[in-house]
Structure formats: structure tokens, C-alpha cells
Amino acid sequence: MAVHWEDRLQEPEPTVSPTAGPHENPYLIGVGRADCTGPPGDVPLMGYANVEQTAAGIHTRLFSRAFIVDNGSKRVVFVTADIGMVSQRLRLEVLKELEVKYGNLYRQDNVILSGTHTHSGLGGYFQYTLFMITSKGYIKPSIKAIVNGIVKSIDIAHRNIKPGRIYMSKGELEESNLNRSPHSYLNNPAEERNKYKSNTDKQVTLLKFTDLDGDGMGMLSWFAVHAVSMNYTNQMVSSDNMGYASYLLEQEKNIGFLPGEGPFVAAFASSNLGDASPNIRGPFCANTGLPCDYLNSSCPIGGLKMCVALGPAGSDMFNNTKIIGENIFKRAKDLYGKARQEVRGPLHAAHQWVNMTDVTVQLNSTHTSTRGAKPKTVEGDPFWDGIRDALLGAPSNETQDCHRPKPILFSTGEMTWPLPWHPSIVDVQMITIGPVAIVAIPGEMTNAEVVVAGLCNIYTHYITTYEEYQIQRYEGASTIYGPHTLSAYIQKFRGLAKAIAEELPKGPEPPFFKDSQLFSLLPAAAVDKKPINTTFGEVLEQVDPEYTVGDVASVTFVAGNPRHSGDMVRDKTFVTVEKYHNSTAYWDVVHTDASWETRFHWVKNGAESNATIEWHIPLSAQAGSYRIRHFGHYKQRKGFLETVILAYEGVSDVFRVSKIT
């Protein structure tokens, strides 16, 4: 969340000028949004680390949303994208593109990139081995779509910059997040826990952007919740609960525009969501329906695998996404309408590269701790430890001492083949807009003093308190720099706060590996085949002739692999729902695959594939005649060695939609 800095960090406070007077010149403000979806077929989804969970269609499209603020002498940029997290590789590629376009205007220090943490976005945009293994390596079409989308959103904000004002509003949101590790939280000191009325951060912080006439330009909001309402069984690209909140507010503000279009930009960004789950009914045993064991999150029969957390609608992930997204949207809409506290004052930005393997943390006046190597861990097991020692060697004594009480499976900080398994050099970054400080955290925070914008710039897993680390639940076990990770980051961010007024060393730059050094485990998409006596785009299962609002219209086409659609994956659509207008004899597009109401299922069967398009007809749909169209591309052989990619399209029969009588 964006907060007044003095509310969160006790000492030392940053040097920030006081709020300016009422006659100060307004800011220059630019907002922009662009598609960053990527190829929705075959590519692993990023978040659940399940290589079998690969993209097979689109639930909702993914977007990057950019906000530029300029006071005439300095400029800052905040971008939040519908992706799992920002990787170091992604950030470096974006900044290279910005340098080519804008020179030194957009830089390491004044551009923050954040991910919403949807677990249903595409992977393949990392350069460290552990992440590459879980997403089938480095997938160029995937990262290209994200880089292009982020840069384009900044381009749009840059072109549209104009004088405006910023207002801030804060409030609490209930029944939308739950602490998934309450046992770990209770290990924090009582005097710290007593400062809060809940074990989960309920605060929503919102920035409202307007032009000088008071007309809304956009909104940027932070709330602590995982974007995991779409669970690990989902195979459609989806922006999840935070994306749905953006969808609702943008559709309300951009009247007459299709999703992803229109001038108003509404962004719901991640904050300290490390242990904040949208599954507010808590964990239950899938086989018995009884609550899971409190301490171990396991079931008497089936163990950990049978323990699943449920959202407000139980196991229906689409309704869970809808409910949580609506809750976030409604609270933000309310706060947006109430925003009266104007944000004024100077802009500042500070950034530093930090090698987390050798940071010395000042624990108190007499004791320090030095960060060690970075392991990826699971619960210790003699069998797997033996396999590890035989193949890779045991972790060093230094590493084991550094990370106690964590049992180490793979000492990834000491593993460098074929590339380093985890990053050593990370970003710490902070920007201020008047009295508002946005601190870019490169991971998933739990209960910490300095928590502002999460999953920024590079991904380093979780960041727990020292006390939560001792419990070694998932969050603590995934805190890769050891028990004093939070203290290290607080120390570095305090340094950034001072750097607002002082010069700060740049720090060691991270590696940027050549494409030839990166590996991909995803084979090229094969030539498409189709059933005998059919053509691509031909209807296999036709729509019904009539539907009533609330029904689901469905049609299945002979399809090609979505990976063959290239640039079609951005700024275009695989699906349209169209309504016929008698007066003009014109088909009007009312929905695309960016709409909540449509679902594009891509079903692969060997070299053949189908596309099933569903339109969940909303109660607001007008009565009339409709059709569903599907667009795509297929690969076929041209001669013995060459292949060619060709476009196709299909259209359903016309069907009638009527209102409920």
C-alpha cells in the first residue's frame, strides 16, 4: 500500500519536504494501459510452479497499467502488470527498450515495475535456473508480449501527459482476505501484534488522478491479497481477482468502450500480500470436508495434498474470483468518490543494486548478521538429502548455519549450472510523491513495518519477520535469504530514505545473460492438423438457435495452435460476440476475449485442436440477434522443409437472445 512514510518507519525518517501550499503548480500526469497477454497455448502458467499447468485459452486478457507523475523538474513512473511477478530479466529488457526510445528520461531509479501476482499469467520470462525449470525455460514470445505491453502502456501515458491533481484516500476492506499462516503470525512479539486489530492487513490505499477540471484520469490502489482465486486446476490465462476489479471500474468509467479500451485507467496493485489469501473460508480436507490440522495444514488421510483452501463460493473458482474482485472494486469505488486529501510536494526517486549474499545487518548496538547463500528448501528428509548429497553435494556449513532452523534440500545459492539458480543482486527502490512514499519490495511481504508495493522489479520469493521464519511454514521456508531478510531490507530502505537528499552508491549491477545462454524446454509448436473434410474455423458444434439471458451460448471450431497467432496475442482478440442492428444492417462487437462474460477454451488433441467459445450471457444483454466469431492462425507445410502460417476465422449461426419473462 502507499502510505505516509511516518506512519510506517520509525527511525530514521526520510528527508521529505512538507506538503506544499495550495498555490503550488499542479503535477503533470499521464496514464496508460496496454495488452500484455502473450501466447495462450502450451506455455506454463506462472505461480503454482506446476509444469503441467499450461495455458489452454483465455478467461480474461492481461494488461499493463502505467502512471507517470512529473513536477516540471523530476518524473516518476509506477507500472503494475497482470503477471505473477516482475523478474529481473523482464525489468532489464523493459529499461533497455525505454532507453532506446527516451534516452535517460525513464531509468532504474524512477521506474517501478510491479506484478499483481495473478497465478494465471504466462511464465517463461526469467533468467535464473530455478524459475526457468518451473516454467519450461526462457520463452521469447512470452516475455516479448510482456515487455511490449509494459513499454506500450508507458508510451501511452507519456503521450497523454497533462496537468492534473492527485488525491489520496484510505479505508479498510473486510471479508476479502485471510491470514493463511496464523500460527506463524502468533510467533511475532505480542507488543508488535497489539498494534493491529487483525492478523491480516485490511487497509486499502488509493490514489485518485484527475485533470484540472476534476475529471477522472485514473486510479491506483493497493490491497494485500493473493491473486489466487483462480486455483491450480485452471488452465486459462486470467487476471484473477485484482484484474476483475480493474475490469469493473474501467468498464464503469469508460462507457461505450470495450474492455481494455478507453481513457480511464484503474489499477489494483499488490502490496504486503505474503500471507494474505482470498480463500476466506480457510483450509479444509477435500476428502472429508473437515478443517485441516491447524499447525501442519494437513489431513488425517491424504496429508498435505488433501488440504485445500476455499474461497467465499467454495470450490467454484470463477465465482470466488468474481466475489473477491467485486469486493475490492466496490471499496475502491467508494474511496475514489471520497478522496479529498490532495497530494502535493516534490518528487524523489532512489535506487540501489544490493548483493544480498553479503549484506551485514545491524541487529542491535553490539550484534550483526551477514546474509549467506540462498537455498530453496522443503521439509528435511533423509532419503532426498542423500540423493542431493550424492548428485550435488551437501550444503556448506556456512549456509546451514545461516538458514537455521530451515532444512535445506537444494542449496541454490551455491548452484550456478547452467546458470545461477537464484539472484544474488536485487533492486531496492523507492519513489516519493509529496508525502506519499512508494517502496518497491522485490518479494512477498507478510507482517512488516515497511510494506508498500510488492512483487516489484525482481522476484525473491517471500520476506517474513524473524519470528515467522522460525516456524518454517511455507512463507518462512520460502524466505531465501535467511532469518534476517526483513531486517536487511528495512536497513537498505532506510538508506534509500536518506538518499532522497543524499548521493547513494549505485551498487553492483546484475548479470544480463545473452539469449544464447538461456535455455528453453518448450519445443516449437508443430504443424496443425484437422479432421478429414474440414477446414480451419469450421464449426464442429453449433450454437442453439435461442437463448435467454443468464444462459451460456457455446460453439466449437476447428482451431490452430494459439502460439501461431504471433502479434495477434496482443491488442487483438481470438473471440468476438456480435449483435445485429436492423436499422444499419451492421454487426456491432459487444464482447471480446478480454470480457469477463466470454471464455476461450483451447483443447489440444495431438496435432489437432479445437476452440470452444462460451458466452455467459449477462442479465444486462439486450434482446436481439447475435453471432460468435473465432479468429486464429494455423501452421502448414510448404514444400518439404518450409512451413507457412495462415490466418483463419470462423463464425457461428445467428441465434436469438431474449429477456426473462
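This one's a predicted model, so the numbers in the text were calculated from it and none came from an experiment. (Residues numbered from 1 in each chain as written. Predicted model: local features only at pLDDT ≥ 70, side-chain atom pairs only at ≥ 80, totals over all residues. Heavy atoms only, no water.)

Trainee: Is there a simple way to think about the environment of V590 in this case?
Mentor: Examined against the element boundaries, V590 turns out to sit in strand β29 (residues 586–592). Given a relative accessible area of 26%, V590 falls into the partly exposed group. Between the C-alpha atom of V590 and that of F257, which follows or precedes it by 333 residues, the distance is 9.2 Å. V590 has contacts with L258, V577, E578, K579 and Y626, leaving out every residue within four places of it along the chain. (Helix = DSSP H or I, 4+ residues; strand = E, 2+ residues; numbered from the N terminus. Buried < 20%, exposed > 50% of the residue type's maximum accessible area, 1.4 Å probe, protein only. Contact = heavy atoms within 4.5 Å.)

Trainee: How should the packing of helix α6 (residues 240–253) against helix α7 (residues 317–338) be read in this particular structure?
Mentor: A pair of packed helices is captured by two measures, namely the crossing angle of their axes and the spacing between those axes. Two elements in contact, α6 and α7, have axes whose closest approach is 8 Å; the angle formed by their N-to-C orientations is 50 degrees. Looking at the two axes, α6 sits oblique to α7. Between α6 and α7 lies a crossing whose hand is right-handed. Across from D240, N241, M242, Y244, A245, L248, L249, E252 and K253 in α6, the residues of α7 making contact are T321, K322, I324, G325, E326, I328, F329, K333 and Y336. Class assignment of the residues belonging to the contact of α6 with α7 gives a composition of 9 nonpolar, 3 polar and 6 charged. (Axes fitted to C-alpha atoms, helices over the stretch in contact; angles between N-to-C directions. Parallel < 35°, antiparallel > 145°, perpendicular 65-115°, else oblique. Left-handed = near helix turned anticlockwise from the far one by under 90°. Nonpolar A, V, L, I, M, F, W, Y, C, P; charged D, E, K, R; others polar.)

Trainee: Any chance you could explain the pattern of salt bridges here in plain terms?
Mentor: Pairing is possible between side chains of opposite charge, provided their charged atoms come close. Within the structure shown, the criterion is met by 25 salt bridges. Residue R61 pairs with D35 through a salt bridge whose shortest N-O separation is 3.0 Å. Within this pair, whereas R61 is found in the loop between β4 (54–58) and β5 (63–70), its partner D35 is found in strand β2 (residues 27–35), the two being separated by 26 residues in sequence. A relative accessible area of 3% means that R61 is categorised as buried. Of the charged contacts, one joins K322 and E326 as a salt bridge, the two residues approaching to 3.0 Å between their closest N and O atoms. Note that K322 and E326 are positioned in helix α7 at a spacing of 4 residues, about one turn of the helix. Residue classification places E326 among the partly exposed residues on the basis of a relative accessible area of 21%. Here the residues in one salt-bridge network are R33, R65, D82 and E250, joined through shared partners. (Salt bridge = Lys/Arg side-chain N within 4 Å of Asp/Glu carboxyl O.)

Trainee: Just checking my understanding: could you explain the UniProt feature "active site" (unreviewed entry) in the chain for this structure?
Mentor: In the numbering used here, UniProt assigns the feature "active site" (unreviewed entry) to S277. Among the structural elements, S277 can be located in strand β14 (residues 276–277). Look at S277 and you get buried, because its relative accessible area is 5%. Residues contacting S277, with those up to four places away along its chain left out, are S176, N177, L178, R180 and V225. (UniProt positions renumbered as here; feature names shortened; annotations may be inferred.)

Trainee: Hey, could you run me through empty space enclosed by the protein in this one?
Mentor: Which parts of space are left empty comes out when a probe the size of a water molecule is rolled across the atoms. Enumeration over the complete set of coordinates arrives at 5 cavities of 30 Å³ or more. If you go around the largest cavity, you meet 16 residues; those closest to its centre are F63, R65, G243, Y247 and A594. Elements represented by at least two residues in the lining of the largest cavity include exactly β5 and α6. Here the residues of the lining of the largest cavity sort into 6 nonpolar, 6 polar and 4 charged. (1 Å grid on protein atoms, 1.4 Å probe; cavity = no way out; pocket = protein on both sides within 12 Å on 5 of 7 lines; lining within 4 Å. Points joined across faces, edges and corners; volume = space filled by probe spheres on them.)

Trainee: Would you explain a nonpolar patch on the surface in this entry?
Mentor: On the surface, L186, Y294 and L295 cluster together into a nonpolar patch covering about 300 Å² of accessible area. Summarising the element assignment, L295 is placed in the loop between β15 (282–285) and β16 (307–310). (Patch = residues over 30% accessible without salt bridge, like charges linked within 9 Å, V, L, I, M, F, W, Y side chains within 5 Å. Areas by Shrake-Rupley, 256 points an atom, 1.4 Å probe, with all protein chains shown as cover.)

Trainee: Just checking my understanding: could you explain α7 for this structure?
Mentor: Along an α-helix, residues three or four apart share an orientation, since each turn contains 3.6 residues. Its 22 residues place the ends of α7 32 Å apart at the C-alpha level, agreeing with the 32 Å of an ideal helix rising 1.5 Å per residue. All of the buried residues in α7 are M317, F318, N320, T321, I324, G325, I328, F329, A332, L335 and Y336. Along the axis of α7, the buried positions cluster into a sector of 155 degrees, meaning they face one direction only. Facing away from the buried side of α7, by more than 90 degrees, are the exposed residues K330 and K338. (Expected span 1.5 Å × (residues − 1). Arc of directions from axis to C-beta.)

Trainee: Hey, could you run me through the nonpolar core in this one?
Mentor: Generally speaking, soluble globular proteins have nonpolar side chains that are buried together. In this structure, L90, Y125, I150 and I154 are the most contacted members of the largest nonpolar core, which totals 37 residues. Within the residue set of this core, elements represented by two or more residues are β5, β6 (75–81), α1 (88–102), β7 (111–115), α2 (129–134) and α3 (140–159). When residues of this core are assigned to their parent elements, the largest contribution, 7 residues, is made by α3. Beyond its immediate stretch of four places on either side in the chain, Y125 contacts M46, I83, G84, M85, S87, R89, L90, I143 and I146. (Core = buried A, V, L, I, M, F, W, Y, C linked by side-chain atoms within 4.5 Å.)

Trainee: Honestly, the sheet that holds strand β25 (residues 539–541) in this entry has me stumped. Any pointers?
Mentor: The strands making up a sheet associate through hydrogen bonds between their backbones, and the pairing can be parallel or antiparallel. As summarised here, the arrangement of the 7 strands in space is β8-β3-β4-β30-β31-β27-β25, forming an open sheet in which the pairing is antiparallel. At either end of the open sheet lies a strand with only one pairing partner, and these are β8 (121–122) and β25. Judged from the 2 bridges that link them, strand β3 (residues 41–46) and β8 form a sheet pairing that is antiparallel. Paired with L45 across the strands is L122, a residue of β8. (Pairing = 2+ DSSP bridges.)

Trainee: Teacher, can you tell me more about the confidence of the model for the chain here?
Mentor: Interpretation of this model should avoid reading the predicted coordinates in detail wherever pLDDT is low. On average, the chain scores 85 in pLDDT, and the residues at 70 or more come to 84%. Of the regions scoring below 50 in pLDDT, residues 1–23 engages in 60 contacts with residues more than four places distant in sequence or in other chains. Segment residues 371–381 is flagged for pLDDT under 50; beyond a separation of four residues in sequence, or across chains, it makes 55 contacts in the model. (pLDDT = per-residue confidence, 0-100.)

Trainee: Would you take a moment to explain the environment of I166 for this structure?
Mentor: By the element assignment, I166 lies in strand β9 (residues 162–172). Its relative accessible area of 1% is what places I166 among the buried residues. With 51 residues separating them in the primary sequence, I166 and M217 have C-alpha atoms 9.9 Å apart. Aside from chain neighbours lying at most four places away, what touches I166 is Y27, I29, V69, L207, K208, F209, Q341, E342, V343 and I433.

Trainee: Help me understand the packing of aromatic side chains in this model?
Mentor: Two aromatic rings are characterised by how far apart their centres lie and by the angle between their planes. Tallied over the full model, the rule gives 17 aromatic pairs. Seen from their ring centres, Y244 and Y247 are 5.9 Å apart, and the 20 degrees between their planes marks the pair as stacked. A residue pair is termed a helical-turn pair when its members lie 3 or 4 positions apart in one helix, as Y244 and Y247 do in helix α6 at 3 residues. Relative accessible area serves as the criterion here: at 6%, Y244 is assigned to the buried category. Residue classification places Y247 among the buried residues on the basis of a relative accessible area of 12%. One aromatic cluster in this structure is built from Y547, W615, Y626 and F655. The ring centre of F512 lies 3.9 Å from the NZ or CZ of R89, which sits over that ring. Stacked on the ring of F264, the Lys or Arg K253 has its end atom at 5.7 Å from the ring centre. (Phe/Tyr/Trp six-rings, centres within 6.5 Å; stacked < 30°, edge-to-face > 60°. Lys NZ or Arg CZ within 6 Å of the ring centre and 35° of its normal.)

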